[in-house]
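Fold and geometry: a report
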Amino acid sequence: SWARRCVQETGTWGNLIGLACGLCFDFNKFEPNTFLVGTEEGKIHKCNLSYSGQYQYTFEGHIQAVYKVRWNYFHPRTFISASADWTVKIWDTKSPGPVMSFDLGTQVVDVSWAPYSSVVFAACTLEKVLVYDLEYDKVGKRGETKQPKQSKLTNIAFSPKDPVILVGDDHGGVTLFKLSPNLTPNLVKVPKSDEKKIGPDGKPIETKPDPKAPIEPPTPEQIAAEEEQKMEKILALVGKFDKDDL
């Protein structure tokens, strides 16, 4: 295991005592060796496999156990956390504390970013699921639904292909909730480039784009760039508000 490897390299458990109360972890898709560990005391440790005997940084902001941490799919510095202190917090690794916080009024057992958007996420408490869209509303939820059964919710996940959220419960069941159209991805439309026509002189003839021409779907690279910019704008706006408050 990773912990055993750390002990073999350092020869001691001393530097790993803080990980004994780790409750969750997540690896950064942009930096495969970098991962986060959420702890029982409310701290979030940023770690790296290349420095297995110590933390790179510790983020503090929660006052109770951190049940879930997840890196953003599109923005390399952003991650989200869910805690027993009733809050969901969004973090930027450039900032020592959370950049945004949402109070759900009860312990939050799980949180997940939408795989199609950098600014949409869902959180679940023991009884309900809440969906947020930061581009639409930076304070309040966009949607909410309650668990129809008597069981308690435990986990949440977005479908990677369909507009649905899957929610697990403590009775072993999985419930599917369909997302409303206003929460589905708004993809960037890229006009299909017209084929260049060549004149008698061998030079291309300039033509105006045909408005009726079919629209090519955006490439994954275009989608990723657009989504990264969305989150960057949110972080810049939040940072501006923080400076204005000082």
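Look up: the structure comes first, before these words.
Reading guide: rules and limits
- Residues numbered from 1 in each chain as written.
- Predicted model: local features only at pLDDT ≥ 70, side-chain atom pairs only at ≥ 80, totals over all residues.
- Heavy atoms only, no water.
- Helix = DSSP H or I, 4+ residues; strand = E, 2+ residues; numbered from the N terminus.
- Buried < 20%, exposed > 50% of the residue type's maximum accessible area, 1.4 Å probe, protein only.
- Areas by Shrake-Rupley, 256 points an atom, 1.4 Å probe, with all protein chains shown as cover.
- Salt bridge = Lys/Arg side-chain N within 4 Å of Asp/Glu carboxyl O.
- Pairing = 2+ DSSP bridges.
- Core = buried A, V, L, I, M, F, W, Y, C linked by side-chain atoms within 4.5 Å.
- Contact = heavy atoms within 4.5 Å.
- Axes fitted to C-alpha atoms, helices over the stretch in contact; angles between N-to-C directions.
- Phe/Tyr/Trp six-rings, centres within 6.5 Å; stacked < 30°, edge-to-face > 60°.
- Patch = residues over 30% accessible without salt bridge, like charges linked within 9 Å, V, L, I, M, F, W, Y side chains within 5 Å.
- Polar contact = N/O pair within 3.5 Å; in protein donor to acceptor, adjacent residues only side chain to side chain.

1. Notes on the overall build of the protein
- Secondary structure assignment for the protein yields two helices and 19 strands.
- For the protein, the proportion of its 246 residues judged to be buried stands at 41%.
- Here the protein displays about 14,300 Å² of accessible surface, and carbon together with sulfur accounts for 54% of that area.

2. Some points on the pattern of salt bridges
- On inspection of all chains with the given rule, the structure shows ten salt bridges.
- Notably, a salt bridge pairs D110 with K68, separated by 4.0 Å at the nearest N-O pair. Placement of D110 in strand β9 (residues 110-113) and of K68 in strand β5 (residues 66-71) is noted, with a sequence separation of 42 residues between them. K68 matches D110 in its accessibility class, with the two residues each being buried.
- Ionic pairing is found between E144 and K141, a salt bridge with its closest N-O pair at 3.3 Å.
- Here the salt bridges do not stand alone but share partners, grouping K68, R70 and D110 into one network.

3. Thoughts on the pairing of β5
- Taken together, the five bridges between β5 and strand β6 (residues 78-83) define a ladder with antiparallel strand orientation. Its bridge partner lying in β6, W71 is registered against F79.
- From the end of β5 to the start of β6, which pair antiparallel, there are six residues.

4. Focus on the nonpolar core
- By size, the foremost hydrophobic cluster in this structure holds 37 residues, and its most contacted members are V88, I90, F102, F121 and L134.
- Among the elements that line this core, the one with the most residues is strand β10 (residues 120-124), at five residues.
- Ignoring sequence-local partners within four residues, the contact set of V88 consists of I80, S81, M100, S101, F102, L104, V108, V111, F121 and A123.

5. A closer look at the sheet that holds strand β2 (residues 34-39)
- Strand order in the open sheet formed by four strands is β1-β2-β3-β4, and the pairing between neighbours is antiparallel. Each having just a single partner strand, β1 (22-27) and β4 (57-59) make up the two edges of the open sheet. Neighbour to neighbour, the strand axes of the sheet diverge by 25° on average, direction disregarded.
- As paired elements, strand β3 (residues 44-48) and β4 share three bridges and run antiparallel to each other. Within β4, the position partnered with I44 by the bridge is F59.

6. Re the packing of aromatic side chains
- Tallied over the full model, the rule gives twelve aromatic pairs.
- Considering the side-chain rings of F25 and F27, the 6.1 Å spacing of their centres and the 90° angle between planes classify their relative orientation as edge-to-face.
- A relative accessible area of 36% places F27 in the partly exposed class.
- Plain terms: the ring middles of F102 and Y132 are 5.1 Å apart, the flat faces sit at 55° to each other, and that makes the pair tilted.

7. Description of a nonpolar patch on the surface
- There is a patch of nonpolar side chains on the surface, built from L166, V174 and L176 and spanning about 270 Å² of accessible area.
- Position of V174 among the secondary structure elements: in strand β15 (residues 174-178).
- Overall, the relative accessible area of 52% leaves V174 in the exposed class.

8. Some thoughts on the sheet that holds β9
- If you trace the four strands from one edge of the open sheet to the other, you get β9-β10-β11-β12, paired in antiparallel fashion. Each having just a single partner strand, β9 and β12 (143-146) make up the two edges of the open sheet. The mean angle between the axes of side-by-side strands here comes to 15°, regardless of whether they run parallel or antiparallel.
- Where strand β11 (residues 128-133) and β12 come together, four bridges link them in antiparallel fashion. In the sheet register, V129 faces β12, and the bridge partner there is T145.

9. Some words on the side chain of D110
- Here D110 falls in the buried class, since its relative accessible area comes to 0%.
- Here the side chain of D110 touches I156 through a polar contact of 2.8 Å, landing on its backbone nitrogen.
- Every residue in contact with D110, bar those within four places of it in the chain, is listed here: K68, R70, A82, A122, A123, C124, T154, N155 and I156.

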